[in-house]
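Topology and contacts: notes
Here are the chains, one letter per residue:
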Amino acid sequence: MNPHFFYNALNTLQSYILSNEKKQAIAYLSKFSNLTRTILEMTGKDFISVSDEIKTLKLYLDLEKARFEEDFNYEITTNSEVDNEHIKIPTMLLQPYLENAIKHGLLHKQGKKELQISFEKTNDILKIIIDDNGIGRVKSAELNAIKNKNHVSFATEATQNRIDLLNQYTHKNISVVTIDKTNALEQSLGTTVIFEIPISY
């Protein structure tokens, strides 16, 4: 979890307090404390259920949503074949990619911002799709080059290294593919990240 997330979360909480929005502050603080506790509990686990991952992602996304106006929406879906309680995936595998989608793709987009996460089971493979309608990786890289010439996406690189280690030591074949979506004019329509994880129970 990026330290900047905690910094931003505390800033949002502070703004609620300064604006005397007590109900919003209490609700936000409750979600923030639940997420923090969940993350601490997860540090001792290598794998968690899809159900637990979805609960954690919802807490995270609800906190991030407070940084936007009313133009950011997310949806998490699973197909009927996914056994949410028993299928296991690596702990905190998806969050860095959601963070990238929000921070680099959606935050700079004008208008409606959409993020969709879907879990699908095909044979013995769990496919997880993270899809956004953000500004895309090319435009994001251009903005990062202007703001910080030495910018490196640490979260993505660290997560890929982790996947490589998991594949090596668990003899699984977890794959992740990133697709830059464009229209006929080569204008960005956002980014799609697809995970394929051999199912373990």
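Note: the structure precedes this text.
Residues numbered from 1 in each chain as written. Predicted model: local features only at pLDDT ≥ 70, side-chain atom pairs only at ≥ 80, totals over all residues. Heavy atoms only, no water.

Concerning the overall build of the chain
Threshold: Secondary structure elements are taken from DSSP: a helix is a run of H or I of four residues or more, a strand is a run of E of two residues or more, and numbering for both begins at the N terminus. Taken over C-alpha atoms, the radius of gyration is set against a globule rule of 2.2 Å times the number of residues to the power 0.38. Throughout, exposure labels follow a simple rule: accessible area from a 1.4 Å probe, protein chains only, divided by the maximum for the residue type, with under 20% read as buried, over 50% as exposed, and the rest as partly exposed. By definition in these notes, contact holds between two residues if any of their heavy atoms fall within 4.5 Å. In this description, accessible areas are obtained by the Shrake-Rupley approach with a 1.4 Å probe, and a residue is regarded as covered only by the protein chains that are shown. For the charge count, each Lys or Arg is scored as positive and each Asp or Glu as negative, with His and the chain ends excluded. Where a charge lies is defined by one atom per residue type: Lys uses NZ, Arg uses CZ, Asp uses CG and Glu uses CD.
When you go through the chain residue by residue, the secondary structure sums to six helices and seven strands. What you see in the chain, going N to C, is helices and strands ordered as α-α-β-α-β-β-α-β-β-α-α-β-β. Relative to a compact globule of 201 residues, whose C-alpha radius of gyration would be 17 Å, the chain shows 17 Å and is just as compact. Taken across its 201 residues, the chain has 39% of its residues classed as buried. Here the contacts in the chain between residues at least 6 apart in sequence split such that 69% fall between residues at least 24 apart. If you sum the accessible surface of the chain, you get close to 11600 Å²; carbon and sulfur atoms cover 52% of it. Charge-centre separation for the chain: the mean point of 23 positive side chains lies 5 Å from the mean point of 26 negative side chains.

Comments concerning helix 4 (residues 95-106)
The element helix 4 is largely enclosed, with a buried count of 11 among its 12 residues. Among the residues of helix 4, those classed as buried are Gln95, Pro96, Tyr97, Leu98, Glu99, Asn100, Ala101, Ile102, His104, Gly105 and Leu106.

Section: the packing of helix 3 (residues 50-65) against helix 4
Worth spelling out the cut-off: Convention adopted: a line fitted to C-alpha atoms gives each axis, helices being fitted over their contacting stretch, and angles between N-to-C directions are expressed from 0 to 180 degrees. Comment on the angle field: the value is read as roughly parallel under 35 degrees, roughly antiparallel over 145, roughly perpendicular from 65 to 115, and oblique elsewhere. What makes a crossing left-handed is the near helix being turned counterclockwise from the far one by less than a right angle; a clockwise turn instead makes it right-handed. Classes in brief: Ala, Val, Leu, Ile, Met, Phe, Trp, Tyr, Cys and Pro nonpolar; Asp, Glu, Lys and Arg charged; the others, Gly included, polar.
Helix 4 packs onto helix 3 with a crossing angle of 20° between their chain directions and a minimal axis gap of 11 Å. By the angle class used here, helix 3 and helix 4 are roughly parallel. For the pair helix 3 and helix 4, the crossing hand works out as right-handed. Contacts between helix 3 and helix 4 pair Leu57, Tyr60, Leu61 and Glu64 from the former with Gln95, Leu98, Glu99 and Ile102 from the latter. Per-class residue counts for the contact of helix 3 with helix 4 are five nonpolar, one polar and two charged.

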